[in-house]
Structures are given as C-alpha cells and as structure tokens.
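Structural overview for review
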Amino acid sequence: MEHIRTTKVEQVKLLDRFSTSNKSLTGTLYLTATHLLFIDSSQRETWILHHHIAAVEKLPLTTSGCPLVIQCKNFRIVHFVVPRERDCHDIYNSLLQLSRTAKYEELYAFSYNPKQNESEQVKGWQLIDLAEEYRRMGVPNDYWQLSDANRDYKICETYPRELYVPRTASKPIIVGSSKFRSKGRFPVLSYYHKNKEAAICRCSQPLSGFSARCLEDEHMLQAISKANPSNRHMYVMDTRPKLNAMANRAAGKGYENEDNYSNIRFQFVGIENIHVMRSSLQKLLEVSGTRGLSVNDFLSGLENSGWLRHIKAVLDAAVFLAKVLIEKDWISFGHKFSDRCCQLDGDPKEISPVFTQFLESVWNLTEQFPQAFEYNEAFLLQIHEHVHSCQFGNFLGNCQKEREELKLKEKTYSLWPFLLAEQKKYQNPLYNPDFSPDLTLLEPNTVSFNFKFWRNMYHQFDRSMHPRQSVFNLIMNTSEQNKQLEEDIKELEAKIKQRNGQSDVVLEKEQEQTAHPAPVALKSPPCFQKEQPPMPMNDAVRTIEGSNTADNRYSELVSEFSKAEPAVVSLEYGVARMTC
Amino acid sequence: MEFSELIKTATVEKALLWRPGLDTPVTGTLCVTSHHLLLSSCPRGDLELWLLIRNVDAVEKRCRSSPRLSPRVCPLAVSGVPLTLSCRMSPLLSPWAAPGSVLPLPRLQNLGWYQPPRTGASLRDTRVSGSSGTITLRCKDLKVLQLEIPGMEQCLNIASSIEALSSVDSVMMMYPFFYRPPSLRLEQGWHQFPLETFFQRLCSRSSQWRLSTVNRDFGACPSYPEAVIVPAAVGDDTVTKAARFRQGGRFPVLSYFHPKNGTALLRSSQPLTGHNRRRCPEDEKILGTILDEGERGFIIDTRSAQAAKQARMGGGGTEPKSAYPQWRRLHRALERGRPLQESFSRLVEACSEPCVSMDRWLTRLDGSRWLSHVKAALSTACLAAQCLDREDCKVLVHGAEGTDTTLLVTALAQLILDPCCRSLQGFLGLLEREWIQAGHPFQLRCARSASSHARSKQEAPVFLLFLDCVWQLSRQFPFSLEFGEELLLTLFDNAYASAYGTFLCNNEKERRLCKVKESTHSLWAWLNQPEEKQKYLNPLYSHNPLVIWPSVEPQSIQLWQGLFLRWIRPSQHLDEAWREIRRLVEGNNNSTQESTGKRLSQPLPDSTAGTEDGR
C-alpha cells in the first residue's frame, strides 16, 4: 500500500497499438493494491494484474501528455497517455514497486480470497494427487517402488518427497548417484507405461567432467535398465545440443561416458537452453508488436527469432521419446489435463518461456489432432494467464520444499477447482474419447509447415487481428444445444412411457371415450416451448465482425479525409522494448 | 489434326503408378486416349486412374537400363500408410459410358497423404525387370504422379504423347467439346446470371445508370460482353468515342452499385494519354457526369505511381488531375504477370519439399512472396470498399489492361461489401460477371500452372490469387460465406483443366466464335445439381448482412494449406474433425430429419458414389 501515491487519474487515453490513426479511448485509470484498472467512457473495463506486468516504461513527454507503456507477461501491451506528468510519474513508480514483489507473502495469491470455505480449499488442493497419478500408471509394481530417501529433502531439495525408483536401487546407490548429479537430481521415474512396461526417467546432468565416474550412478542406470525388461537398450536423451553438453564438461559437468554405462544409447536432441529461448521469444514479440508490418518483415522476423524452430525441436524430441522409448500415449499426457500440469509447472520467478513452449507444443498438437484433446485453446491460454498471475498457489515457488515452507496449501487456493468449475468453457466440443482406436499414440507430423504462429496467444488482446467469427464458439453452443435437445427427448420419452403406463392401467376406460389420448398429448408437449430457434447464438458470437475499418489499417484515408483527431502522440512503437 | 497422330503408343501393360503418400505402387495397364490418361490396376482391376491430359503441366522423363526410382524424382520415402481410395466417380471422367450402363469406375484420388519416412521399403519387389523409364507428371492441380513404364522406347513414346496432347492449343479440340454427361443438357447454366437481372436490382434504386448495347457484336470493346452498364447521362456515341481512349477499348463501366449510400464501383483500363498527354472529352464526360458538383471520387490505380508514369511511354498513362479535377488518384502496386507466376512457382516448389528445416521453410515461404501478394490484394480491395462504404465516394479501379488486378480488386471489394455475393449463387454470379464476362483472359493466364518449364509471358495466377483471398475471408468470417473450401478448390482445378466450357477462351467474343455456349457444358450447371451442390455448401453459413472487414496484418494472413499442400499434408484428422463439425451443426438443423443426419454422418465420398451410380 505504501507504494501507491495516486489512486485515480482522469482523462487518461488508451491507445490502440495497431491503429495508425492514433485511435484512442479516454477514461479513468485506477490503481489498487493488486490491479491497474482502466474504465473507458463506455464503461468498459480493462484489468491488469500487477504481477502480470513485465515492464513499465515512461516515454518522453508529448503535447497531449505523458505516455506510459506497460508490457505484460501474458503478451498484452497497453499504451496509456496520462495528461499530467506528475501523475504519470507516480503511477510509473508505483507500478515498478508493485510489479516487483520481493517476498512470496506479498503475492496476490496470499491476499486473494475467492470466498471458499476451508474444506473447499483443502479439497481443491487434493484434487490432484501425485500418488494417485502414479497408481494410474501402475506404480508401484514389481519393478518400481516408492522411495522415502528424499523424505526430508535431504538428498535433493528440488525434488518432491515422494519419489519412485527401481526396486533394485538401494539407498546408498541413490545417495551416491545424487552426489554425482547436478543439484542432486538423480534419475527418478517420471512416467510409466503400463502396457509396454517401459518408463521415462528424468535427472540432471552428471558431474562427470572429463573423466570422473561414479559407480553408484552406473548402478542406478543399470537398475533402471533392468526395470524395463521389455527393452533391450536404454536410451539416454540429452535435451541439449551436443556442443553445449561438451562445453559443460569443462565446468566439471557434462554427459555420461558411454564406456562406463552398459546398454546405453545416446541421443542429443538439441533443445537450446533457457537463455536462448528467452531471447528468441523476445525477438518474436518485438516482431509481432511492430506496427505496419509487412508480410516479409513478419516472416523473416519469425524466422530470425527461431521460435518456431525451438517449438519444432521440442516436439521432435517428444516424438522421438514417445516412439523409441515406450510408445507412450500422448493423449493421456494431455487430456488428463489437471494431472500433468502439476508436475510440469513452470515457475514464475525464473524468467524463461519453457512453460509457454510446452503450452505451444500442446497447441500445435491440438491443431493437428482436433479431436484428440478434451480441452481447447482457451484452457491453454487460461493456464498461461495464471502461471503469471500469482493469483493461485499452484505455480508459486520453485519446488515442493519451497511450497511447503510457504504453507501454500493453507494460505492460498488451488487453480484447478476454478478451472473445473468453468469446465464447459474449456471443453473441446469435437473431443472424441475413442479417437482413432487403432492409434494408441498420436503421431504428430513434425514437418516444418505444420508449425504455425500462435496468433491467439501472442495477440490475444489485439482483437482486430482475430477471426471475426469463431467456429469454436458456434460448435460449442451447438453441441450444448444438441445435448439439451437430447435431454428433452429423453424427458419426453419418459413422459410418454409414464403416460402409456397410466393409460394402460388406469385410463383404460377413458381411452374408450377419447380415441387417441397419447398422441394428443404429444402434439403440444410443454417442452416444446423450451426449444430455441435454430442457432440463436450467431448474434452473440458475431461480436466484433464488421468492426471499424480504422482497426485494419487499409489506408491513411481516415486522417486524410476527416482529420478526426490531431495526432495524439508521435511515438515510434519500436521505442517500447521488453526489459524483463 | 487428328489426335491419333499425336499418340505414339496407346497402351502399355504392367505400368507402375506411384504418388507421394501411396503405400505401394499400383501396377496396371496404361492407356493414352485423346483427352485422358487411364490406368487400370492389374490383375484385380479395382483401382483406376483417370487423368485429364490437359491437367498435365510438366512431363519429366528419365530412362535407365536398371530400373530404380531416383531419389530426386521420389523425394518422399514410401511409408506404411494404408492405401485409401475414395471410390468416387465423377461424370467428367466417364465420357464413354453410355447412359444407363454406367459402371462404377473408381478413381484414384487423393491417395493417402504425406507421412514422414519410416520404412525404407523399395520398389524392388513390384518392379519390372529389364529396361524401363520413369515419367513424372506434374499436374496443374499441383499433384505429382510417377509412372514407371517397361521398355525405354515405350516410355519415351508415352511421354511425348502426353506432352503433345497436353499442349494442344486449339480450343475446339479441347475436352469440353467432346464431353457429354448424361445428366445435363448443353444449354443448361449458360444464361443463369444475365446482366439484366443484376441491372434490374440496381435500377430500382437509382436512375443514374442504364443498360447499354453499345458493345453489340463487340464493336466498341472486344473483351467486354455485349451488355454493359454505363451512366444514364451519356449516350452510346460518347461511349464509343471514350472507348478509343482506353486500352483495348475498355471504357469505364459499372461494376457494383452500393445500395447503402448509392455509391458505385467502376472499372476500366488505363487511359491512352501517352507521352503527349492526350485528352479525351468523352471520357472526361463519362467520369464527370458520375459525380455531382463538389462530390469527390477515387481512382484506384493498381500500379505504382512510378509504373503508371512509365506507362506513358507505351501510350498508356493515368488520368491527369487537371482533366479530371474531381477525381483523386491512389496508387496501390499489385503484382501481376511474370513476377506473380514466379511467386506461385516458388511457393509450390517450397511446399514440395516437406523435410526442410524450420528456418529453410520460412525463408522459402518468405522468398516466394505469395503471402505478400495476398495481403496487398486484400488491402487494396478493402481500400476500395472503404472508399465506397465509409467515405461515400465513387471509385474507379484500373491498372493497365484492366483485365487482371482490376478484376481482382473489384470482385474482392464486392465480396466484402455485398452480402448477396457471399451466397453460393451470388458468388457464381460474381465470377460470371466480374471474371468470365468481364474478360479475364483465362486461356492465356491459366495455360500453364506452377511447374511448367515452357512458359510464355502471358501466364499469371491472378484468378488463383483471388481464390486465395476469398479463402482468407472464409477463415476470418467462417459463417459469412455460403460456400466452402471445396468450391474454391474445384474452381481452381477447372480454371486450369476442365471438362466444362466455362473457363474456355479469353472473352465473350472468342466464346461466341468458338460456339462455346452451344457445344460445351457449363460448370455452373454441373455445380447446381442438388447432390453436387451439397458438397460445396458451408454448413456453418448464416446470412450476414454486414460488411465484412478482414484483418490484413501479416499475423492474420495464412498459407492456404488446403490448396498448396493438398496432396502433401496428412489431412485425415482434419477431415474427420470437419466431418464432426458438419455432423454437429447439421444434426442441429435437421434434428427432426433423422435420415439426413444419417446420410451426413457417413463419409462423403461414399454417399456421392452412391448417388452417381444410381444415375
């Protein structure tokens, strides 16, 4: 609270970042402890959570006021013009402070109160249970068991307490292996494929340097290999480019020496590290945020950013993993959405778009297999939103240990029940649970042209760029309606049955008088009033079509002709740069 | 000329047909006829290929004594995809079947799809021994077929026969003049969209225009139809004189009347001002009477200001401000001619190599510049529409000849502005009015497609660019067009090689000379058959009375995968999803009609095969 000096500024302009005619909305800006709120003259509200703010920038003063550019982690960019420089400065300073929370306890999640009672809160956290997840995979079993080695986070701080390891791996082996691994992240079970009796394990790089070896670690991998009885070889996939792995050797790290490990095959898959990814995403955002972009600029910018290349690399690696190792089903990887995200949660403090990449890879899969996923694009976007919002406790902290120390489960709420409550919004109406029964796994085609720019992610707030009519909404409403109609039919059928039953037993006499009582009743069932005209949702769906030509930059005609507004600010968009 | 002279070898036994995505090659008897290449699989005879030879764009042959498909001609490794056949017989492929005795002739079509290479299976097992040759046929619809033919001489004969037949230039020798489908009558569909009907709709709202017969017998302008709409205030003699001042006689005519505010879209060719800045009072009068006093109009020139200036050297030019004081000129450079054709070729080439890296793919996509052309065409059309609808101004569009980019802009602008053009009938009417009758030289522009080596200067995929823009609109407004992608693909295919006469010749005058309307069938008649029409309708369509303003940001312009990757990308899952959408929506509309729902839940090819067999 002490950071807020000005809570309300009037006559603020909100500029449209893609309109050349400097179109703007005028309204009032409010600053609260958690949000920045803009209400324009037609009472439309724009809410920006402080935690979403990646960078705030004050641009040089212009005739109409002081421009303030805010870039958000969910790829929203807003451009305000505040009439008085003093106000602008105050807001700027406040936002700087508010968006950079030093302590976990100041995060929104700790103050957010969704009016759940305690038991609901507890239930929300119990919605996803890792042990249950492993049981679904068929673990523990003859080969894999729960290890209590990390019960007190003694061996590895960043691992959870419960870990699954091969039965043959004794505690000394685990301890020995963990000492040989970066940050103690020894090989543990990540995914077990019941039918193929095959497992995916994960670990960090070995501290091998140029020549060091560790017998326990070798035993550990041996044990894992034996726990996969149906596979003769074990593959070690190194997600780095080989060059990076070699360079790490000089720092005493590196990769496993094949001579020391039997039955191991190596595969480097060349996914770049987080620093490359970060700058790649930054380049992408710079390109897509440019005003007056030509197709050429866009495509070469897309290429130079390398972003799609990285997405392809990630998916290529995943396909390799799926195929070679265990032919695992990607469907379960996705469709039990709530399960997986728990393990794969990104973390908001370490700035790297790895989690965004994961979501984007999933999105690419949904584009290729429209019927294979139970959830839709909105779900992915919503998760992305909340990874950064810090509104729920799920994505806070860096590891299980930290989360326990923060007492997240008592102090904050879990996101999943909120998503589940809005389940309908996130369901894929085309989802087919029996999708391609002959295909137990999805075989994504990783040919380059299948990777597309995810417009709905990177331009989700630039509405003028979206398709003006959404097939998805239409289908969703239609299938909803179909369901409703089917229920009506069932209801009616039940009523008919009831009627017939009655007429059989009780109304036999009446039947003699009125020739066909049942059909008469059928002619005007009460439910028919419930029936809606076919596809009434069209109007609702078609919200922004036929939108203003000025949104679309066909020409400068508007200003040439009507001289509607004097140029509000003379800013080059390029000035605003990502600083996170 | 006799076709038999061009056919050196008519039949070959044990020929091998292969297409990217096919599991195993099909062996069968190959037969070259005057208009088709046929292959009937042996020994079972259950698969057949019917390929219109006119569809062949390029023939590549290579002969070797030890047969082996070279990796270059066989860029996609054979995969383990099961052979999927859509057993659909289209009447355009059954010219010899007598009515009533139609045999179900399945056709190899869309055989499988591209899959990443998995097995290194070679063709060794099925291959013929001894010398042989391979022919690669690159078709105008962008599909690639490979034939392995035993015997070097036979192979060369077949290749040169196909080459000779595919480059027959004479219009009257083309397949539409021989094709007689039993279900259609010759005159059907040719006069479905008379300009009179269009004019009647207009004159109920405005008396500023009249239907003129100044071009009777194509006297004033050879590339215009006989009936045109001109300002009511000018007489035919003025128009005749103005025609002499415009290239090819294409004087300003009305293309579209905007009922909302009474503004109009006109088109013409460039004025022949030349280097001595010639003027023409009649032309000035036509454009002058259109505007009231103090009213302003826009001339959208589809060339850059520089190019328009340079055109003066060749006798062309633009309207000088001094002579047309109420008109403001806007220049929007649109690509045309050779560069556009090359752009198309480069894109097709890029698409044919699916195994390239991400960077390479983006470089090549970018290098083709096709999407830039799409964006430019769409934004210019939007500009024209904006002038009409938002600025309440009349607009004249022209480039140089007025038969290519001009029509691209006027047709697109109408699609954006006029809800009527977005219905199936309205769209076909728009094509008839703004492309076919307006004199887009289809025969010259669509003689060759993307992979032809022998290219004259005249080819340009302007019509394809138009279809691509329409597709972009359909992506951004998926409920606003009554027709779907399937129609656009069919139009593309037929513009380049067809059994119908609709896209033959370059203008109405030529069509009259060749008796196209008397001797060939109209594509519109075929498309309008109820069971055929069903395939082209968009199940999501609902009438949208608004103007549809598309986004023209590069982020919103997409590659038309359904066309450029039609034979390459795996589409099974997308097709299934689309069928599911269809089922959901149509199930909703016809929830009472159970039978309809059942029919639609079946895969489409089956249902069409069924109906056609029955005929």
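Every value quoted in this text rests on a predicted model; they were computed, and no experiment measured them.

Now for the overall build of chain B. Counting secondary structure elements, chain B contains 22 helices and 14 strands. The buried share of chain B, reckoned over its 615 residues, is 62%. Here the contacts in chain B between residues at least 6 apart in sequence split such that 74% fall between residues at least 24 apart. Per element, the accessible surface of chain B, about 22,800 Å² overall, is 52% carbon and sulfur.

Think of a sheet as strands paired side by side through backbone hydrogen bonds, with each pair either parallel or antiparallel. Residue and element names in this part refer to chain A. On the basis of which strands lie adjacent, the open sheet formed by seven strands has the order β4-β3-β2-β1-β7-β6-β5 and antiparallel pairing. At either margin of the open sheet sits one strand with a lone partner, and together these are β4 (45-49) and β5 (53-58). Between one strand axis and the next, the sheet turns through 30° on average, direction left out of account. With five bridges joining them, strand β2 (residues 24-31) and strand β3 (residues 35-40) adopt antiparallel strand pairing. Counted as the bridge partner of Thr28 is Ile39 from β3.

To continue, consider helix α1 (residues 85-99) of chain A. Residue and element names in this part refer to chain A. Relative to the 21 Å expected for 15 residues at 1.5 Å per residue, α1 spans 21 Å between its end C-alpha atoms, a close match to the ideal helical length. Of the residues making up α1, those classed as buried are Asp87, Cys88, Asp90, Ile91, Ser94, Leu95, Leu98 and Ser99. Axial view of α1: buried residues confined to an arc of 160°, hence all on one face.

Here the focus is the packing of helix α9 (residues 295-305) of chain A against helix α8 (residues 358-368) of chain B. The interhelical angle for the contact between α9(A) and α8(B), taken along N-to-C directions, is 170°, at an axis separation of 9 Å. The angle between the axes of α9(A) and α8(B) places the two elements in the roughly antiparallel class. From α9(A), Val295(A), Asn296(A), Leu299(A), Ser300(A), Leu302(A) and Glu303(A) reach across to α8(B), where they touch Asp359(B), Leu362(B), Thr363(B), Leu365(B) and Asp366(B). For the contact of α9(A) with α8(B), the class distribution of residues is five nonpolar, three polar and three charged.

Right, let's talk about the environment of Leu527(B) for a bit. All names here are of chain B. Topologically, Leu527 is positioned in helix α17 (residues 523-527). We classify Leu527 as buried; its relative accessible area is 3%. C-alpha of Leu527 to C-alpha of Thr490: the two residues are 37 residues apart in sequence and 9.6 Å apart in space. Leu527 has contacts with Leu428, Leu487, Thr490, Glu532, Lys533 and Tyr536, leaving out every residue within four places of it along the chain.

As a further point, take the confidence of the model for chain B. All names here are of chain B. In this model, chain B carries an average pLDDT of 81, and 83% of its residues clear a pLDDT of 70 or more. Element-level pLDDT for chain B is lowest in helix α22 (residues 604-614), with a mean of 32, against a maximum mean of 95 in helix α10 (residues 405-417). Confidence drops under a pLDDT of 50 for residues 67-128, and excluding neighbours within four residues, the segment shows 136 contacts in the predicted structure. A low-confidence stretch, residues 591-615 (pLDDT under 50), is modelled with 21 contacts involving residues beyond four sequence positions or located in other chains.

Turning to unusual backbone geometry, a few remarks are in order. At Gln43(A), a position not held by glycine, the phi torsion is positive, near 65°. One can find Gln43(A) in the loop between β3 and β4. Judged by its relative accessible area of 59%, Gln43(A) is exposed. Positive phi values are uncommon outside glycine, yet Lys14(B) reaches one of about 55°. Inspection of the secondary structure puts Lys14(B) in strand β1 (residues 11-18).

Criteria and cut-off values
Residues numbered from 1 in each chain as written. Chains lettered and ligands numbered in written order. Predicted model: local features only at pLDDT ≥ 70, side-chain atom pairs only at ≥ 80, totals over all residues. Heavy atoms only, no water. Helix = DSSP H or I, 4+ residues; strand = E, 2+ residues; numbered from the N terminus. Buried < 20%, exposed > 50% of the residue type's maximum accessible area, 1.4 Å probe, protein only. Contact = heavy atoms within 4.5 Å. Areas by Shrake-Rupley, 256 points an atom, 1.4 Å probe, with all protein chains shown as cover. Pairing = 2+ DSSP bridges. Axes fitted to C-alpha atoms, helices over the stretch in contact; angles between N-to-C directions. Expected span 1.5 Å × (residues − 1). Arc of directions from axis to C-beta. Parallel < 35°, antiparallel > 145°, perpendicular 65-115°, else oblique. Nonpolar A, V, L, I, M, F, W, Y, C, P; charged D, E, K, R; others polar. pLDDT = per-residue confidence, 0-100.

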